[in-house]
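Chain by chain, the residues:
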Amino acid sequence: MATMRWLWRQLTSMRVALILLFLLALASIPGSIFPQRGTSPLRVNEFLKDNPTLGPILDRLYMFDVFASPWFASIYLLLFISLTGCVLPRAIEHYRELRSQPPAAPKNLSRLPVHLEWHSSAKVSEVISETATAWKKRGWRVRQGDDWLSAEKGYARETGNLLFHLSLLVLLLAVGYGGAVGYRGTVIVREDSGFANNVTQYDTFAPGRVFGADQLPPFAFELKEFEATFQRGGQQNGAPRAFRAELMVKDEPSAEPRAVTVEVNHPLRTSGITVYLVGHGFAPEFTVRDATGKVVWQDASVFLPQDTAFTSSGVVKVPDTVPQLGLQGFFLPTVSEDFSNGPVSKFPAADNPEVYLSAWQGDLGLDSGMPQSVYRLDTANMKRIGIEELAPGEVWNLPNSGGTVEFTGYRQWASFVITKDPGKGWALGAAIASIIGLSLSLLIPRRRAWLRVTSSEDQGNLIEVAGLSKTEAPGLADEVLQLSKLVRAPEDKQ
Amino acid sequence: MTVNETLAQASNAMVYGSMTAFTGAMVAFSISLAKGRKLESIEDAAQRTSTSHQVRMGSTATLDKPAVSTALTDGEDLGEGRRAGNIGMSLTWLGTLLLGAALLFRGLSVSRPPIGNMYEFSLAAGFAVSLTYCLLSISRDLRWLGLFITVPVLLDLGLALTVLYTDSAQLVPALNSYWLAIHVSAAIVSFGAFTVGAALSALYLVAQVAEDRAADGKEPGRSAAIAQRIPSADRLDLMSYRIHAFMFPIWTFAVIAGAIWAEAAWGRYWGWDPKETWAFITWVVYAAYLHARATAGWRGKKAAYVAIGGYATILFNYFIVNIFVQGLHSYSGL
Ligand code: HEM
């Protein structure tokens, strides 16, 4: 029991809070040095592949999940226990202080940092009562004695400090709550295609711990048009300048569709979820005919950008021919004259598009039951039958009587992140409260001031005004001077 | 929208002009310091500091001991160094105004806030540092501090022009938001003031070491050479604290504004991106500094080291994370 009490006292001491703050800062550092699974899972895999011995050790130490690791959590939980243990008693103390009067004036006012005195023949009781009124008007809490006043000001400082620390607690809870009941998904949508909000339509979907799929609001949208503009010429040639996705949104199944423009920094917000535009690319359109001329495939296939000039790679799988046909290659929005490093694009806009394809015949491996990436061709059981470069409208007669491939044009696609975080509003409220609390706490001076009138026969009464700053804010002397001017006791002229 | 090359070039010329002014100011401040006389004897300061040190413990300062002595004087007498100090001060104002104009023209050349890449951040940061210094010097004599402000500003501008220079251009879409102006300017303002705070904390350490030696009756060391020419340790400590206390809420605001922007741009308000992580670390270290100042046994030198450590995390975030670490923030157009 005694040890428990000792532990609690340690935990809630300023010293331990300070140490925990340092630990928190230190513990965050590896999270910025090593790639993190939460944000860049691919780079984590790469790291593990490149460092076969060190990697797994670091992994066991949660170096790739720092902010979800037990040791990080234990630091901030201890900190917040310490915070609660520290702030609650202070809140009670502060509440009492708010309801009580300032302590009586000390005996010897001349020992205080700011001290003024003069003689006046004004009447003691009048000086005291009139000054009390004047000081109260200036915002001081005043306690009145027979021949003294004791005043205090700046209670909002402690109120602010408590508000700040409490709002940190609320912030932590809001972050935890939002993470647990919300979700985050990503999806790629081509122009003239749509998306309906259910789990199967997402490319990736990360639900919170207590998220239920039935919590997905039934909204849907269609991507009408995507537009990207780029810097032309200059040092930053090709740098993106604006992205815009024109959507038709149905907020619920029975609602009228409405037109919405989604841009970077301007997400779509509907029914508690938010839709962000995060990426874009090209989807070349092909028409594939078999040897008899029958259309066996006709669609736009999503190609993924590989560089800033949008050299994009992708595949087309045509399962309905015998043998099966696969196309693999690049879409080049502005084809470069120089292919010495392979086929590349030299500008991200589709000024002079081309595709550069290789055709494969054989078994696509779609029936093996293993899930396959739609961006990669499994060529284990296939044979390459040719390579070709096509401009829009051009037709490629495949060798081996494989039929024809026509590059009919392209569409663009846009990728979206769709999130729901019901803790967001609370977190924002707590953050704003924390700034208000902090500003009060750091900027409001807490001061005490006193007046004492000592009656004396020969010289007239001695008037003393003194002040003390409980904080390191400047301006105490000025304030005390102002207070002294409010004392209704004109100085005696000798 | 196109780039107005004339304005962009005028801006570059003004940056060079401003560097010239700051260089002159640096020389003048050095002369002023070298010729300057003691503001207060180190022995006196040591005496006074040791009595006022036991003063404030936490928020419940005991009433019978003075928290802040108001009797501190500014030590007006800089002796022969006075004239040089005045010249330095005027040149610093000139450099600051030129730098401000350079930023303005840079912004006008592309009709957007001039804080879109590391070159522009660096100009703005240098401006924030020198402006903080100039504004603070209006109501008090800070000529002794000038050298320690102009040197970092010159280093920053030199780096901006040689390593970080980028032609004036439009923004990438992710930066195209009014939150850029809010978040980045709050960060740059706090950065400027924290630079002054760190300089004061460093000078405090020098003064404290000198006073400690004097109090122990030791021979004056190298620290005394500087300590003689700057205010006493407790005064430096107090000035540094006030700057930090004033800026911490603004830094907090900068971080929160960043989170609000991230919510609109990236779909989450906090994602432990490296830049966010280091902003958080900076915040925690400065919170620790404020706590340290209220914790017995941590006030004084230890707290000053924490403040300087906080500044180091800002520099790390700016130079190391921006340039070498991959993250969502990596579009500073380097
Ligand atoms: C999440 C962790 C914490 C953070 C980020 C934090 C932050 C801060 C900040 C920025 C201040 C400065 C405001 C001021 O000086 O009035 C402050 C003050 C203070 N904090 Fe904390 N704090 C934390 C935890 C704690 C804990 C655990 C305790 C108790 C052991 C505590 C006790 C105090 C006290 C007593 C002050 C007032 C200091 C003074 O009078 O100057 N804090 N805190």
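No experiment lies behind these values; they were computed from the predicted model shown.

Caption draft 1: The arrangement of the overall build of chain B in detail. Regarding its fold elements, chain B presents 10 helices and zero strands. Within chain B, the fraction of its 334 residues that count as buried is 58%. In chain B, the proportion of contacts linking residues at least 24 apart, taken out of those at least 6 apart, comes to 83%.

Caption draft 2: Examining the overall build of chain A more closely. Regarding its fold elements, chain A presents nine helices and 21 strands. Summarising its shape, the C-alpha atoms of chain A cover approximately 125 × 55 × 50 Å along the three principal directions. Of all 494 residues assigned to chain A, the portion counted as buried reaches 47%. A separation threshold of at least 6 residues defines the contact pool for chain A, and within that pool the share at least 24 residues apart is 63%. Taken as a whole, chain A presents about 24,800 Å² of accessible surface, with 56% of it coming from carbon and sulfur. Treating the 48 positive side-chain charges of chain A as one cloud and the 50 negative ones as another, the clouds have centres 11 Å apart.

Caption draft 3: Geometry of the packing of helix α1 (residues 5-35) of chain B against helix α4 (residues 118-139) of chain B. All names here are of chain B. One can describe the packing of α1 onto α4 by two numbers: an axis separation of 13 Å at closest approach and a directional angle of 40°. Viewed along their axes, α1 and α4 adopt a mutual orientation that is oblique. For the pair α1 and α4, the sense of crossing is left-handed. When α1 is examined against α4, the residues Asn12, Val15, Phe22 and Phe29 are found in contact with a partner set consisting of Tyr119, Leu123, Ser130 and Tyr133. Here the contact of α1 with α4 is composed, by residue class, of six nonpolar, two polar and no charged.

Caption draft 4: Main features of the side chain of Asn12 of chain B. Structurally, the position occupied by Asn12 of chain B is in helix α1. Non-local contacts of Asn12 of chain B, meaning those with residues more than four positions away in its chain, are made with Arg106, Tyr119 and Tyr165 of chain B.

Caption draft 5: Representation of the domain arrangement of chain A in the model. According to the domain assignment, chain A consists of domain 1 (2-96), domain 2 (101-154 + 445-492) and domain 3 (183-420). Taking the mean C-alpha position of each, domain 1 of chain A and domain 3 of chain A sit 41 Å from one another.

Caption draft 6: Spotlight on the coordination of the iron atom of the ligand. For the iron atom of the ligand, every protein donor is listed as His165 of chain A (NE2) and His291 of chain B (NE2), and the spread of their distances is 2.0 Å. Seen from the iron atom of the ligand, its six donor atoms lie at angles of 79 to 178°, and the figure they make is octahedral. Residue His165 of chain A is found in helix α7 (residues 155-181), and its partner His291 of chain B is found in helix α9 (residues 274-293); the two belong to separate chains. Overall, His165 of chain A belongs to the buried group, its relative accessible area being 12%.

Caption draft 7: Spatial organisation of the site of the ligand. Around the ligand sit 23 residues, and of these Cys86, Arg90, His165 and Ser441 of chain A together with His291 of chain B come closest. Looking at what sits near the ligand, you find residues from chains A and B. Separating a nitrogen atom of the ligand from a side-chain N or O atom of His291 of chain B is a distance of 2.5 Å. Broken down by element, the shell around the ligand gets its largest block of residues, five residues, from helix α5 (residues 70-99) of chain A. The residue makeup of the shell around the ligand, split by class, is 14 nonpolar, eight polar and one charged.

Caption draft 8: Molecular detail of helix α5 (residues 146-162) of chain B. Along its 17 residues, α5 of chain B runs 24 Å from first to last C-alpha, staying within 8% of the 24 Å computed at 1.5 Å per residue. Taken together, the buried positions of α5 of chain B are occupied by Gly146, Leu147, Ile149, Thr150, Val153, Leu154, Asp156, Leu157, Ala160 and Leu161 of chain B.

Caption draft 9: Molecular detail of the nonpolar core. Judged by nonpolar contacts, the single largest core of 111 residues is most densely connected at Leu123, Trp144, Leu145, Leu200, Leu236, Phe248 and Trp251 of chain B. In terms of nonpolar packing, the next biggest core, distinct from the first, is built from 30 residues, Leu223, Ala228, Val249 and Ala349 of chain A among them.

Caption draft 10: Examining the interface of chain B and chain A more closely. If you look at the interface, chain B gives 65 residues, while chain A gives 64 residues. Both faces combined, the contact of chain B with chain A buries some 5,300 Å², and carbon together with sulfur accounts for 64% of it. For the pair chain B and chain A, the interface holds two salt bridges. Here Glu263 of chain B and Arg269 of chain A are joined by a salt bridge, their closest N and O atoms 2.8 Å apart. At the junction of chain B and chain A, the tally comes to eight residue pairs in polar contact (both at pLDDT 80 or more).

Caption draft 11: Quick peek at the sheet that holds strand β13 (residues 304-305) of chain A. All names here are of chain A. In space, the five strands of this open sheet follow the order β13-β14-β15-β16-β17, with antiparallel pairing throughout. Lying at the two open borders of the sheet, with one neighbouring strand each, are β13 and β17 (382-390). One ladder, built from eight bridges, connects strand β16 (residues 354-362) with β17; its direction is antiparallel. Across the sheet, the residue bridging to Ala359 is Gly386, located in β17.

Caption draft 12: A look at the sheet that holds strand β5 (residues 193-196) of chain A. Residues and elements named next belong to chain A. Strands sit in the order β5-β7-β8-β9 across an open sheet of four strands; the sheet is antiparallel. Only two strands of the sheet have a single neighbouring strand rather than two, namely β5 and β9 (258-263). Taking the axes of each pair of neighbouring strands and ignoring which way they run, one obtains an average angle of 30° across the sheet. Here β5 runs beside strand β7 (residues 220-230); their pairing, made up of four bridges, is antiparallel. Paired with Ser193 across the two strands is Leu223, which belongs to β7.

Caption draft 13: Geometry of the packing of helix α2 (residues 14-33) of chain A against α9 of chain B. Interaxial distance between α2 of chain A and α9 of chain B falls to 9 Å at its minimum, and their mutual angle equals 165°. Here α2 of chain A is positioned roughly antiparallel relative to α9 of chain B, judged by the angle of their axes. The handedness of the crossing between α2 of chain A and α9 of chain B comes out as left-handed. Residue-level contacts link Met14, Leu18, Leu21, Phe22, Leu24, Ala25, Ser28, Ile29 and Ser32 of chain A of α2 of chain A to Pro274, Thr277, Trp278, Phe280, Ile281, Val284, Val285, Ala287, Ala288, His291 and Ala292 of chain B of α9 of chain B. Tallied by class, residues from the contact of α2 of chain A with α9 of chain B come to 16 nonpolar, four polar and no charged.

Caption draft 14: A look at the packing of aromatic side chains. Scanning the entire structure with this criterion turns up 40 aromatic pairs over all chains. Considering the side-chain rings of Trp278 of chain B and Phe316 of chain B, the 4.2 Å spacing of their centres and the 35° angle between planes classify their relative orientation as tilted. Pair noted here: Trp278 of chain B is in helix α9 and Phe316 of chain B is in helix α10 (residues 301-324), with a separation of 38 residues, a long-range link. Aromatic ring contacts, followed pair by pair, group Tyr183, Phe195, Tyr202, Phe205, Phe211, Phe219, Phe221 and Phe416 of chain A into a single cluster. The residue whose ring lies beneath Arg141 of chain A is Tyr155 of chain A, and the NZ or CZ to ring-centre distance is 4.4 Å. Note that Arg446 of chain A overlies the ring of Tyr155 of chain A, its terminal NZ or CZ placed 4.7 Å from the centroid.

Caption draft 15: A look at a nonpolar patch on the surface. All names here are of chain A. Nonpolar side chains collect at one region of the surface, where Leu163, Leu428, Ile432 and Ile436 lie side by side and expose about 320 Å² of accessible area between them. No other element matches the three residues that helix α8 (residues 424-443) contributes to the nonpolar patch. Tracing the chain through its elements places Ile432 in helix α8. On the basis of relative accessible area, Ile432 is assigned to the partly exposed category, the value being 43%.

Thresholds applied
Residues numbered from 1 in each chain as written. Chains lettered and ligands numbered in written order. Predicted model: local features only at pLDDT ≥ 70, side-chain atom pairs only at ≥ 80, totals over all residues. Heavy atoms only, no water. Helix = DSSP H or I, 4+ residues; strand = E, 2+ residues; numbered from the N terminus. Buried < 20%, exposed > 50% of the residue type's maximum accessible area, 1.4 Å probe, protein only. Contact = heavy atoms within 4.5 Å. Areas by Shrake-Rupley, 256 points an atom, 1.4 Å probe, with all protein chains shown as cover. Lys, Arg positive; Asp, Glu negative; His and termini not counted. Charge placed at Lys NZ, Arg CZ, Asp CG, Glu CD. Axes fitted to C-alpha atoms, helices over the stretch in contact; angles between N-to-C directions. Parallel < 35°, antiparallel > 145°, perpendicular 65-115°, else oblique. Left-handed = near helix turned anticlockwise from the far one by under 90°. Nonpolar A, V, L, I, M, F, W, Y, C, P; charged D, E, K, R; others polar. Domains from an automatic or database assignment. Donors = N, O, S within 2.8 Å, 3.2 Å for Na, K, Ca; no water. Tetrahedral: all angles 85-135°; square planar, octahedral: opposite > 155°, others 65-115°. Near = heavy atom within 4 Å. Polar contact = N/O pair within 3.5 Å; in protein donor to acceptor, adjacent residues only side chain to side chain. Expected span 1.5 Å × (residues − 1). Core = buried A, V, L, I, M, F, W, Y, C linked by side-chain atoms within 4.5 Å. Buried area = accessible area lost by both parts, 1.4 Å probe. Salt bridge = Lys/Arg side-chain N within 4 Å of Asp/Glu carboxyl O. Pairing = 2+ DSSP bridges. Phe/Tyr/Trp six-rings, centres within 6.5 Å; stacked < 30°, edge-to-face > 60°. Lys NZ or Arg CZ within 6 Å of the ring centre and 35° of its normal. Patch = residues over 30% accessible without salt bridge, like charges linked within 9 Å, V, L, I, M, F, W, Y side chains within 5 Å.

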